[in-house]
Amino acid sequence: MKILVVTQMWPSAADPDFGAFLVPQVDELRALGHEVEVVAIDRRGGSPGVKYTRLGLSALRRARRAKPDVVLAHMLFPAGAAALVAAQSAKAPLVVVCHGQDVENLDGMQVRTVSALVARDAAAVVTNSDWLGARLREWLPGTDTTTISPGVDLRAFDPEQVEPANWPG
């Protein structure tokens with residue numbers, strides 16, 4: 001399967017911790033034999049408007065070129081909005097994973113309006129807990145959610161098991 005991942009957090013040499021929790025997920029999808037491309041914001045700071053516009057344009061270009069089978073967005077906004085445009089262009093289903101802060105950001109009317117469009121048009125909206133799913137439905141009534149716990153690799157927190165990180169970059 002060809003998967004286009006769109007995220008507003010991805011590690012780089014300058015910010016190796018930025019979205020680092022997504023790397024194992026992408027690595028696992030690749031290990032399962034999927035073809036995965038990532039379009040991301042890979043650093044903190046800068047103008048949000050410029051970064052979000054670039055993310056959207058990059059996602060759109062990549063979707064047109066790669067013709068993914070599915071577009072996977074990490075966060076409702078801005079990644080979800082960028083991924084929605086990419087998915088529509090590629091005529092591919094959109095899956096949005098909500099992590100927490102993106103749901104709390106729904107108190108802003110503009111973000112809530114765009115996020116409602118993303119949630120409405122997504123083939124699936126995934127939350128990492130039942131609590132977060134309920135919170136999302138408070139902000140966006142009628143949104144269907146599926147809870148998938150991200151789990152915890154306890155070896156990653158065992159000082160005797162930890163190896164130096166091998167971040168993309």
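Let me begin by describing the structure that accompanies this report.

Right, let's get into the pairing of strand S5 (residues 124–127). Sheet analysis places strand S4 (residues 94–98) next to S5, joined by four bridges and oriented parallel. Considered in S5, the bridge of Val96 is made with Val125. With two bridges connecting them, S5 and strand S6 (residues 146–147) associate as parallel partners. If you follow Thr127 over to S6, its bridge partner there is Thr147. For the handedness criterion, the β-α-β arrangement of S5, helix H6 (residues 130–139) and S6 is classed as right-handed.

Burial analysis of S4 places four of its five residues in the buried class, which makes it a mostly covered element. Of the pairings in the sheet, the one linking strand S3 (residues 70–74) to S4 comprises four bridges and is parallel in character. Each bridged residue has a counterpart across the sheet, and for His74 the counterpart in S4 is Val97. Remark: the S3/helix H3 (residues 79–90)/S4 crossover connection has right-handed handedness.

Okay, unusual backbone geometry next. For the bond from Phe77 to Pro78, the omega torsion is 5°, close enough to zero to count as cis. The residue Pro78 is located in the loop between S3 and H3 in this model. Here the phi dihedral of Lys67 falls at roughly 50°; this positive angle occurs in a residue that is not glycine. Note that Lys67 resides in the loop between helix H2 (48–66) and S3.

On to the packing of aromatic side chains. Counted by the stated rule, this structure contains one aromatic pair. Each ring, one from Tyr52 and one from Phe77, has its centre 5.9 Å from the other, and the planes form 80°; the classification is edge-to-face. One end of the pair, Tyr52, is in helix H2; the other, Phe77, is in the loop between S3 and H3, and 25 residues separate them in sequence. Judged by its relative accessible area of 33%, Tyr52 is partly exposed.

Time to look at the pattern of salt bridges. Within this structure, the stated rule accounts for eight salt bridges. A salt bridge links Glu37 to Arg65; its shortest N-O distance comes to 3.0 Å. Linking Glu37 in strand S2 (residues 35–40) with Arg65 in helix H2, this pair joins segments that are 28 residues apart in sequence. With a closest N to O distance of 2.6 Å, Asp42 and Arg43 form a salt bridge. You can call Arg43 partly exposed: its relative accessible area is 46%. If you follow the salt bridges from partner to partner, you end up with Asp15, Asp17 and Arg44 in one network.

The rules behind each value
Here, residues in each chain are numbered from 1, in the same order as that chain's written sequence. Only residues with pLDDT of at least 70 are given local features in this predicted model, and only at 80 or more are side-chain atom pairs given and counted; all residues enter the totals for whole chains, interfaces and linings. Processing note: side-chain calculations cover all non-hydrogen atoms of the structure and skip hydrogens and water entirely. Here a strand pair is declared whenever DSSP counts at least two bridges between the two strands. Put simply, DSSP marks the helices as runs of H or I at least four residues long and the strands as runs of E at least two long, and each gets a number from the N terminus on. A crossover counts as right-handed when, viewed with the strands pointing away from the observer, the path leading from the first strand over the helix to the second turns clockwise. A 1.4 Å probe rolled over the protein chains alone gives each residue an accessible area, and that area as a share of the maximum for its type sets the label: buried under 20%, exposed over 50%, partly exposed in between. Here a pair means two rings of Phe, Tyr or Trp (six-membered ring of Trp) with centres within 6.5 Å. Their orientation is stacked below 30 degrees between planes, edge-to-face above 60, and tilted elsewhere. The term salt bridge refers to a side-chain nitrogen of Lys or Arg lying within 4 Å of a carboxyl oxygen of Asp or Glu.

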